[in-house]
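Listed here are the chains, written in short residue letters.
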Amino acid sequence: MPVTPELRAKILRYYHAEKWPTGTIARQLKVHHGTVERVLRQAGLPRIGTVRASNIDAYLPFVLETLKKFPDLRASRLYAMVTVRGYQGGPDHFRHLIAQHRPRPLPEAYLRLVTLIGEQAQIDWGHFGHLQIGKAKRPLMAFVAVLSWSRRIFLRFSLDARMESFLRGHVQAFQSWGGVPRILLYDNLKSAVLERQGDAIRFSPALLDFAAHYHFEPRPVAVARGNEKGRVERAIRYIRDNFFAARTFTDLDDLNAQADAWINGTASDRACPQDKTMTVAQAFAQEVPRLLQLPANPYPVEERVVVKVGKTPYVRFDLNDYSVPHTHVRKTLTVLADTKTVRILDAQTVVAIHARSYDKAQQIEIESHIKDLVERKAAAHAQRGMNRLQQAVPASVELLTQAAAKGEHLGAITAALLRLLDRYGADQVQTAVLNALQRKVPHPNAVRLALEAQRQAQQAPAPVVVQLSENVRLRDAVIHPHPLKNYDQLNNTDSQPETSRGNNDGSQK
């Protein structure tokens, strides 16, 4: 239980003035005897009375020597070691005694880190929950950069912590500051350090290339040494408490606009921890001239993804499908994306530009892409119909030629003739088309009238529409009927009387 000043005063008074033993004090004050002993021990005064001998006394030198060599050794392991040496006590009591004798580590003292003006900035990510955008649940990440001398904060929220967003935050911070610090200090996050074994560090190649472009030195802090980048850690806590708590916003752009206003207002008007006589804004004004100059061209920080187009004219990028021209199906393309735009390239040629969507399972289309595909499919369907009609009804070529000369719609004429072909058959339609051409009327109605005249002359029943195969290849196949006279000859052969062979004696039956 917590020891209040009043309880401590009572324990010391009863023990020294009234000479009460620890057990009596514990019973009367309704506290544990260990609490009484702790108060007396902390007071540094000698205990009254004799101290009872303990089972551990004979083993205490061995225990202390072992703990001196291995201060983190568990009490359970120590108990096993003294048990084989003859200790008879229980494990719980032994653990309680060891807690009193275990050496306490000395608290580590830290030097106050002092940086030169314009020398260093500290970088880190902060996680601020999630945003629901349509069907997609996106993490809300904050890129935070702090100039170590003036404590000027740069804050930019994004919907991921990818390498491109990490580098984009750097570019925006440098542009906001108007310069680049000579050293950027990082935690051992994957965006900066790919692998580390002691002092051997393997940096991300993308970060090294970025650092070479802006001429700064990337420097990771030591492992488990958060104090070395305490400025950005405190900045993130300051952002959570002073800016983000209970804040409402409509979208990511609105949140970043509010963050910029807060940085230039409240965050810049606070006193500078480096020098309380001026504000962060005043300190930042002194630090800007000491920063490295920005290069003439900013570093490109677009996301680059190689994608494969399937049989439909879409590419998949970041949970959504973006349309491409139908001429690029079954090709490998490149997607270049920033926070607002998705560009799709075939080698160096831009084939599509879309507004980026952070939703999920959406089809983002350019109207011309789909319209061109529909028109191509319609033209292909018409061409396939003409090929079938030409093969089944050769005279249809002349009929379509004359109809085109008159400005008729060839697609409608082809469709009408195909329907007649399915209903009456190739031979009858061929005869009807020749009749229509003889009458100089190149139109499906003339063919239809000729077919009806043929049917009535033959006194045949009205034709029935045949349900053809759904398979396009089978449906468009033309079947040419064979002449039946061959079958008539077989029947005539079967109907002749059978003559038997002669007998050995020359007689016939």
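Predicted, not measured: the structure shown is a model, and the values here were computed from it.

## Observations regarding the packing of helix α2 (residues 22-29) against helix α3 (residues 33-43)
Step number 1: Orientation of α2 relative to α3, taken along the N-to-C sense of each, is 120°, at an axis distance of 8 Å. Between α2 and α3, the angle is such that the two are oblique. Where α2 crosses over α3, the handedness of that crossing is right-handed. From α2, Thr 22, Ile 25 and Ala 26 reach across to α3, where they touch His 33, Val 36, Glu 37 and Leu 40.

## Thoughts on the side chain of Arg 138
Step number 1: One can find Arg 138 in strand β2 (residues 136-147).
Step number 2: A polar atom in the side chain of Arg 138 sits 3.1 Å from the side chain of Asp 318.
Step number 3: The contacts of Arg 138, once residues within four sequence positions are left out, are His 130, Leu 131, Ile 133, Leu 159, Asp 318, Leu 319, Asn 320, Ser 357, Tyr 358 and Asp 359.

## Some remarks on the environment of Ser 323
Step number 1: Here Ser 323 shows up in strand β12 (residues 320-323).
Step number 2: Measuring from C-alpha to C-alpha, the distance between Ser 323 and Glu 365 comes to 4.9 Å, with 42 residues separating the pair along the chain.
Step number 3: Excluding residues within four positions of it along the chain, Ser 323 makes contact with Pro 313, Tyr 314, Ile 344, Ala 352, His 354, Ile 364, Glu 365, Ile 366 and His 369.

## Here we look at the confidence of the model for the chain
Step number 1: On average, residues of the chain score 85 in pLDDT, and 84% of them are at 70 or above.
Step number 2: Mean pLDDT across the elements of the chain ranges from a minimum in helix α18 (residues 472-475), with 52, to a maximum in strand β3 (residues 153-158), with 97.

## Side note on the packing of helix α7 (residues 163-177) against helix α8 (residues 205-214)
Step number 1: Where α7 meets α8, the closest approach of the two axes is 11 Å, and the angle between their N-to-C directions is 15°. When the interaxial angle is binned, α7 and α8 end up roughly parallel. In this structure, the crossing between α7 and α8 has a hand that is right-handed. Contacts between α7 and α8 involve Met 163, Phe 166, Leu 167, His 170, Val 171 and Phe 174 from the former and Ala 206, Leu 207, Phe 210 and Tyr 214 from the latter.
Step number 2: Along the lines of polarity and charge, the residues of the contact of α7 with α8 split into nine nonpolar, one polar and no charged.

## Re the sheet that holds strand β16 (residues 363-364)
Step number 1: The strand order across the open sheet built from three strands is β11-β12-β16, with neighbouring strands paired in mixed fashion. Every interior strand has two partners, whereas the edge strands, β11 (314-317) and β16, have only one.
Step number 2: Where β11 meets β12, four bridges bridge the pair, whose relative direction is antiparallel. Considered in β12, the bridge of Tyr 314 is made with Ser 323.

## A closer look at α8
Step number 1: When we look at burial in α8, the residues that qualify are Leu 207, Phe 210, Ala 211 and Tyr 214. Buried residues of α8 fall within an arc of 100° about the axis and therefore sit on the same side. Among the exposed residues of α8, those oriented more than 90 degrees off its buried face are Pro 205 and Ala 212.
Step number 2: Where α8 terminates, the next one or two residues include His 215, which has phi positive at roughly 65°.

Definitions and cut-offs
- Residues numbered from 1 in each chain as written.
- Predicted model: local features only at pLDDT ≥ 70, side-chain atom pairs only at ≥ 80, totals over all residues.
- Heavy atoms only, no water.
- Axes fitted to C-alpha atoms, helices over the stretch in contact; angles between N-to-C directions.
- Helix = DSSP H or I, 4+ residues; strand = E, 2+ residues; numbered from the N terminus.
- Parallel < 35°, antiparallel > 145°, perpendicular 65-115°, else oblique.
- Left-handed = near helix turned anticlockwise from the far one by under 90°.
- Contact = heavy atoms within 4.5 Å.
- Polar contact = N/O pair within 3.5 Å; in protein donor to acceptor, adjacent residues only side chain to side chain.
- pLDDT = per-residue confidence, 0-100.
- Nonpolar A, V, L, I, M, F, W, Y, C, P; charged D, E, K, R; others polar.
- Pairing = 2+ DSSP bridges.
- Buried < 20%, exposed > 50% of the residue type's maximum accessible area, 1.4 Å probe, protein only.
- Arc of directions from axis to C-beta.

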